[in-house]
Structures are given as C-alpha cells and as structure tokens.
Number of protein chains: 2
Amino acid sequence: MRVALLGFGGVGRALARLLLAKRDDAPFLVTAILTRSHGWWVDASGIDLAGALSRSELPSRGASPAIGDLPCDVVVEITTLDARTAQPALGHVRAALRARKHVVTANKGPIARAYRELRGLAAANGRLLRFEATLSDCLPVFTLRRAALPLAEIRALRGIVSSTTNHILSAAARGVSFSDALAEAQRLGIAEADPSNDLEGHDAAAKATILANVLMDADIRMEDVRRAPIDEAAARDATLAARDGARVRPIVEIRRAAGAVSASTGPRRLDPLDPLYAVDGWSMALELDTDLAGKVVVQLHDPHVEQVAYAVLTDLLEIAGY
Amino acid sequence: MRVALLGFGGVGRALARLLLAKRDDAPFLVTAILTRSHGWWVDASGIDLAGALSRSELPSRGASPAIGDLPCDVVVEITTLDARTAQPALGHVRAALRARKHVVTANKGPIARAYRELRGLAAANGRLLRFEATLSDCLPVFTLRRAALPLAEIRALRGIVSSTTNHILSAAARGVSFSDALAEAQRLGIAEADPSNDLEGHDAAAKATILANVLMDADIRMEDVRRAPIDEAAARDATLAARDGARVRPIVEIRRAAGAVSASTGPRRLDPLDPLYAVDGWSMALELDTDLAGKVVVQLHDPHVEQVAYAVLTDLLEIAGY
C-alpha cells in the first residue's frame, strides 16, 4: 500500500522511524513526502525513508504536485495543527478523498469542523477516513468503538483529553506553580504554540466536538461546547484539593438529555475512587457510559510523540486490512 | 450466519435476549440450543428465541446430535464452567473446530489449558476461535489487542480479573466482614460454586495463563502461576489500608524477564495514583505495558451477566465480518 505523507515534522518523522523499524511487518511503501517549507519528494517506486530522515531539506523545491496526482493509495495528513480554522488540513483531506484516496489524519481541525461532510465524502468515494490520533495520541477510542463496542449506544462520555492542562493541574497538586508547569509543557513542545488554545479550552472543545459527533452521532459545533478555563485559580484549587486527597483535573463531559447532546470542558474535583483520578501528568483517558457494555474506561499513561505516530500506524494497518 | 448455543443458562439466556433485541442489526440465526439436562432444540430454519426463553425445558429429549452434525457456521460454547478440568467445554471446542465451525467460548478452561492446540486447530481448519468473555466479561482485551495494539509487543501486564475477590476486598475497605462479602457474591451468583476457586486464586491463575499465552506468546500452565490467597488476613489488610487512603486489591501480574514469562496472583496494596486503585467492587481492569503504545489501561465498571453475553456477541459480530 502506497502512502503519501503531508507534513514531515515531529509526528511525520516519528512515523517514518516506525515504518522503518517495522518494515518487515507493515506492508507500506512511502511514495511521497510534502512539506510546506522544506521541499518535497515524490518517487512512485518508494522513497528511501532513512535518507529522508537524514535531511533537513527534501530534494525537490518549488510547487509540489497536487494531492490528486500523488502516486499513492492513502494520504496521511499530519501538517501543522490549526484547530480553529482547520486549514490547510481540511482542504487536503477533501482533495484526497475526492481523488479516491484513503485518508489518515492526526489533525483535529477537519474532524471537529466537518466530520459529517468528510464522512459523506469518504462513503461517496468508497474510501476510508481514519483519525485515531486526533483525540489523545494512541488512546484507543475510535478503534475501540468499532472493534469492542459494536451496536452499543454511547449515552455519555467523560474524559481527560488535553495533556497540557492535565500536566499543569497535576503539577499544581505537587505545589508547582502554574507558570512553571506551563513553561515546562512549552519547552517540551506539548503545549500548543498559542497556550490560550489549551488553557481556554479550545483544544478540549475541538476534541469534545469530535467525540460527540463521531461516538454519539451528534451534530454540534466547537462553539457549542461550554468552556471553563484552566487558569491560575484552577491551579490553586488543585493545590488545595491535593491536601484533602482529591485532584482537580481538566474534564470534558458529554451527555445526551431529552434528545439533545450537550458538551462542556473545565476543571473538576475528583475523589480517589473516580476512574479519572489516577490519570496524572501527561496522561489522558476516556470513560464511556454505554447501554450494552456498561461503563468502560481507557487510559493512556505518559505518552510521547511516538504514540501519535503509532496511532497513525494503527489506522494505516486497519486500512490495509492487517 | 447460523449459530449453535451449547448451554442455555444465565449467559445463554442473556445472549438470546440480546440477539432478539438486536435482530435488525445482528445477522444471526440460532439453529441449535443444546443443554446438559434441560433438553435440546435443533431447527435449521431458525429457532424461535422468544419461545426458547419462555420454556424451562427444550422440546427434544434424549441424545442430542453430535456437534459436527449441527446445522451451523459457528458454535457458542457457554456450558457450565469448570476451569480446572476444562471439560466438557474443551471437547466441544475441539469437535466444533474439527467440523470446520467457528467457535466463540466464554469458558476459561479450554483457553487456559489448551490455547496453543486450539489455535493450531482453528488455523488448520481455516476457522476463527474467539474468547473475549473468558477473561473479564466484556472488558476489551483480545479485541483491543487485535484492533488497537497491532505489532506492539506486550512486555508486562497487571490486572484485576476476578469480580468476587475484588468485591470482598472492596467491601473490607468499607468495614464489611470477609464472610458477609463472600456470602453476597454467592447470593448474586458471581462467586464460583466452589469459593476456593476464587479465593485460592485458581480462577485468577487460569486468567493469568490466558493473558500470558495469548497476549505475550508465552507457554505457561495454570500451575506455573504463583498464587497467594484472598483470605481473612488479606481482608484485614484491606480494612487497615483503607484507613491510610490505600486499597488492597487482587492483582495478577505477568512479566517477561530474561526471556521467561512469570505470572503471579494475590493481594497488593495500591496507592490512589495507581491506575487500578479506582477499580472497585465488581469492577475489573487490565494495564498493558507495551513497546509501541506505552502504558494502556482498560477498565470495566460493575458489570452484570448481560456484559458476558455482550462479549460473546462482539466475538460473533467479528466472525460475521460486521
């Protein structure tokens, strides 16, 4: 299966390393790598991934081929995130599906902004659209729903889906200041470039929108999600709560009531018997309240960028029928 | 897809109710129900499940047809559990696979005793063997591994896989006596008929064996699992630990070290930031330490018998290519 990578930053490079390490098991040939400002490389017979990883600039300069003209079966959309506008990722995903290519994206924006449209476009073109990495690295969410929760109705969701804000409140529980914890997240490249995206809950709202629309068949917009910020006051609450053995965590909640789905994000105080209490630091988790399976919780503890790449790989493997 | 049910007790009846409720979505026709002492019913054109549920005795008496002669594509093995001998379930699974029928079983015994043999038999006959319900009701374990953790090596496992012993230690944390908690589990039909099977760790050892052999490609026997009992002393420790904000839980642990896989089960003291701390009461959970996905945890909170039937249904749906 021939793969085109749109974007070759941290996730793209981690994916290339993973594909190299698993080349005997994973049946993929990377035939195109396109970047915004570091050139491009297209070779229908397969790109030397080790060579690509060793370069800071790809060999071809100037205008790259159109997505529809790439010699590939699946397009991996991992350009720089812009959750608010969803561009240029949304345009890439549309172009790829219209050109009858499968799509794997790690970009929240297109799924948060246009899930129904893209789902329809994929179906109309007989191709698959996969986006496991958009939510919380390789936390099994959409894969889990398809494989382990078939026919089940998801009635409510609760989760910790933002590493940055969970790290800040976890650090506050240990007495670390808000600004020091934020600075650490920025230094590690985990906080988004504009920290307000995390702190004011835009990132969590995008993810709540994806969860509601994909897992609960809702049709809400990011702007419908009620947001309370993770700010210095929330961090102070986290410090105080820890003295009582509680934790304050950044929680998204989605419920269906009287037919309508409502979503919110903000700090919540949890006691130790809450399944989300122990989801500390950079960890993320989701609690699914279902009719047929009861209450199921998944957690991913202390992920790194390699776990984003792995989520993309699991989507690729599913598309390849692995 | 034509389904034969071997056994029609609590799980079989819950499965029949589920198949009735989902008959528009789940493409299954039950063509045979065999019981040990309440008769049998075979009808290649499909059994009236509502009728079967309303009867205490099935219409046909005397010797039932051989498994290989049943008019079915898949055999669901849900006879009475006997984890130690694995019979008669093991014989049923062998006979079904040899007759080129897919098999779904909720019986630990055959998988704990003979996984490699049965895996080989399934492969040789080109059929699927599925057993999600053997571990912890519909806690997503084997499905999760196949769908969400492809190519990943599972280096270590830790879990709570026995409802009865977790209930006893959870109750002890609230000050309930060992004998009262055990009696409640027996009254609810959750404790096995012989409570020593749960308390002395045979049940957990069977499940640890399944986990080690299926998820970590080991080849251990139930007798290789080191067992410490869940007894009155463990319950006293649980009561004392709760006063310090800790919990004592029944933990299975499986590790690979120097090439060999070792497994144990017994009470362990956990602090509130342990992902298994909040797995309280009848709940169960598994922590998977992997190379590619990092540390992933799944939990199932307070399941009922319907969740065992649902696990069987998810296996059936996978076999049907749903």
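Summary of the structure given here. The shown structure was predicted, so the numbers you read here are calculated from the model rather than taken from an experiment.

1. Comments concerning the overall build of chain A
Move 1: Per the secondary structure count, chain A includes 12 helices and 12 strands.
Move 2: Computed over its C-alpha atoms, the radius of gyration of chain A comes to 20 Å, within 12% of the 20 Å expected for a compact globule of 322 residues.
Move 3: Taken along the three principal axes of its C-alpha coordinates, chain A extends 60 × 45 × 35 Å.
Move 4: Here chain A holds 322 residues, and the buried ones make up 61% of them.
Move 5: Intrachain contacts of chain A at a sequence separation of at least 6 include 68% that bridge at least 24 residues.
Move 6: A total of about 12200 Å² of accessible surface is found on chain A, and carbon and sulfur atoms cover 48% of it.
Move 7: In chain A, 38 positive and 39 negative side-chain charges are present, and the distance between their average locations comes to 3 Å.

2. Description of the relation of the copies chain B and chain A
Move 1: Mapping chain B onto chain A calls for a rotation angle of 180° and an axial translation of 0.0 Å; the resulting RMSD is 0.0 Å. The symmetry that links the two subunits is that of a two-fold axis. If distances are taken from each C-alpha of chain B to the rotation axis, the shortest is found for Val298 of chain B, at 2.3 Å.
Move 2: By residue overlap, the copies meet face to face through one surface: 100% of the interface positions of chain B are interface positions in chain A.

3. Some words on helix α11 (residues 232-243) of chain B
Residue and element names in this part refer to chain B.
Move 1: The end-to-end C-alpha distance of α11, which contains 12 residues, comes to 17 Å, matching closely the 16 Å that a straight helix rising 1.5 Å per residue would cover.
Move 2: Buried residues of α11: Ala234, Ala235, Ala238 and Ala241, and no others. What you see down the axis of α11 is that its buried residues fit within an arc of 120°, all on one side. In this structure, α11 carries Arg236 and Arg243 as exposed residues pointing more than 90 degrees from its buried face.
Move 3: Residues of α11 that are buried make contact with α7 (163-173), α8 (178-187), β9 (247-257) and β10 (260-270).

4. Digging into the side chain of Ser170 of chain B
Move 1: By the element assignment, Ser170 of chain B lies in helix α7.
Move 2: Since its relative accessible area comes to 2%, Ser170 of chain B is described here as buried.

Definitions and cut-offs
- Residues numbered from 1 in each chain as written.
- Chains lettered and ligands numbered in written order.
- Predicted model: local features only at pLDDT ≥ 70, side-chain atom pairs only at ≥ 80, totals over all residues.
- Heavy atoms only, no water.
- Helix = DSSP H or I, 4+ residues; strand = E, 2+ residues; numbered from the N terminus.
- Rg over C-alpha atoms; globule rule 2.2 N^0.38 Å.
- Buried < 20%, exposed > 50% of the residue type's maximum accessible area, 1.4 Å probe, protein only.
- Contact = heavy atoms within 4.5 Å.
- Areas by Shrake-Rupley, 256 points an atom, 1.4 Å probe, with all protein chains shown as cover.
- Lys, Arg positive; Asp, Glu negative; His and termini not counted.
- Charge placed at Lys NZ, Arg CZ, Asp CG, Glu CD.
- Least-squares fit on C-alpha atoms with pLDDT ≥ 70 in both.
- Expected span 1.5 Å × (residues − 1).
- Arc of directions from axis to C-beta.

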